[in-house]
Amino acid sequence: MDALVRQKLRTWPQHPPGLKDHHMGAYGAWMRARPGTLDDPDQPHLKLPGSNRLRTHPDGLWLCFGGTEADPFVDIFAIEACGSYPNLLDKRSRFAPSMHSMLAVCSADWLMQPVSATHAMPRWRYTGLLRHPPAAPLVLPVRDIRVMYALRQRHYAAFAASQIPHAHEFFAPVSAIIGPEGWQHPPLRAFIARTSPLANFFDYAGVSAA
């Protein structure tokens, strides 16, 4: 199931469907970090500070770069396909609220590649954070986390009937991702749009930073 989900996610755009750059309040731009193309080098991963072994590689990962070169950050939207309850519990624990800051690690090789097959700009330039090509990995603190867990139908029905998600968690049947319409499915786009932090504000269209 994981392989099928990743195959479908490779057809998704550079930003999560239903979300735009400003929906996460960032000054930068979205980029799809995972899954990359089959020859994409050293795709970004998540980790805790000081850890060089316990890395998290979501099935789907989008990074929204923001801030400045001196004070950068990323907001993330992740998708995790869960084939069983133990698998769901393991993946939820990786994104559980913690006193530790999660970090997103983007290798220099990955940043030097073009944004996509149809967008030739190097990723490092597209982030809007770097003035020069990177010589080392770009390690960014994660400011905001949103995770959508894709469950088998029987698991999804039972979970939805008895569990309360955390504020950063969203749940959907896996059929919503692997269905024939894919990311263009209107209900799926509307559901993902709800993950925007701006959805927590009443009238964000007229809000200014004055």
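Treat the numbers as computed from the prediction; the structure is a model and nothing was measured.

The rules behind these values
- Residues numbered from 1 in each chain as written.
- Predicted model: local features only at pLDDT ≥ 70, side-chain atom pairs only at ≥ 80, totals over all residues.
- Heavy atoms only, no water.
- Phe/Tyr/Trp six-rings, centres within 6.5 Å; stacked < 30°, edge-to-face > 60°.
- Helix = DSSP H or I, 4+ residues; strand = E, 2+ residues; numbered from the N terminus.
- Buried < 20%, exposed > 50% of the residue type's maximum accessible area, 1.4 Å probe, protein only.
- Salt bridge = Lys/Arg side-chain N within 4 Å of Asp/Glu carboxyl O.

Caption draft 1: Structural detail: the packing of aromatic side chains. What the rule picks out here adds up to 5 aromatic pairs. An angle of 55° between the planes, with centres 6.1 Å apart, marks the rings of W62 and F77 as tilted. Of this pair, W62 sits in strand β4 (residues 60–67) while F77 sits in strand β5 (residues 72–82); the two residues are 15 residues apart in sequence, bridging distant segments of the chain. Summarising the burial analysis for this pair, W62 and F77 share the class buried. Ring geometry for F170 versus F191: centroids 6.0 Å apart, planes at 85°, classification edge-to-face. Remark: F191 occurs in helix α7 (residues 186–193) and F170 occurs in strand β10 (residues 169–173); sequence separation between them is 21 residues. Looking at F170, the relative accessible area reads 11%, which means it is buried. Feature note: the residues W12, W62 and F77 constitute an aromatic cluster, connected by ring pairs.

Caption draft 2: Just the environment of A160, in detail. Here A160 lies in helix α5 (residues 153–162). Each C-alpha atom, one on A160 and one on M102, is 27 Å from the other, the two residues being 58 residues apart in sequence.

Caption draft 3: Seen up close, the pattern of salt bridges. For the structure on display, the rule yields 9 salt bridges. A salt bridge links R6 to D59; the shortest N-O distance between them is 2.8 Å. In this pair, R6 sits in helix α1 (residues 2–9) while D59 sits in the loop between β3 (55–56) and β4, placing the two residues 53 residues apart along the sequence. A salt bridge links D59 to K91; its shortest N-O distance comes to 3.2 Å. Highlighted residues: D59 in the loop between β3 and β4 and K91 in helix α2 (residues 85–94), separated in sequence by 32 residues. Assessed through its relative accessible area of 9%, K91 is described here as buried. Put simply, R6, D59, E80 and K91 are held in one network by salt bridges that share partners.

Caption draft 4: Structural detail: the environment of F65. Examined against the element boundaries, F65 turns out to sit in strand β4. Separated by 36 residues in sequence, F65 and A29 have C-alpha atoms that sit 5.5 Å apart.

Caption draft 5: Structural detail: unusual backbone geometry. The step from R34 to P35 runs through a cis peptide bond, and the omega angle for that step is -5°. Here P35 shows up in the loop between β1 (30–34) and β2 (45–47).

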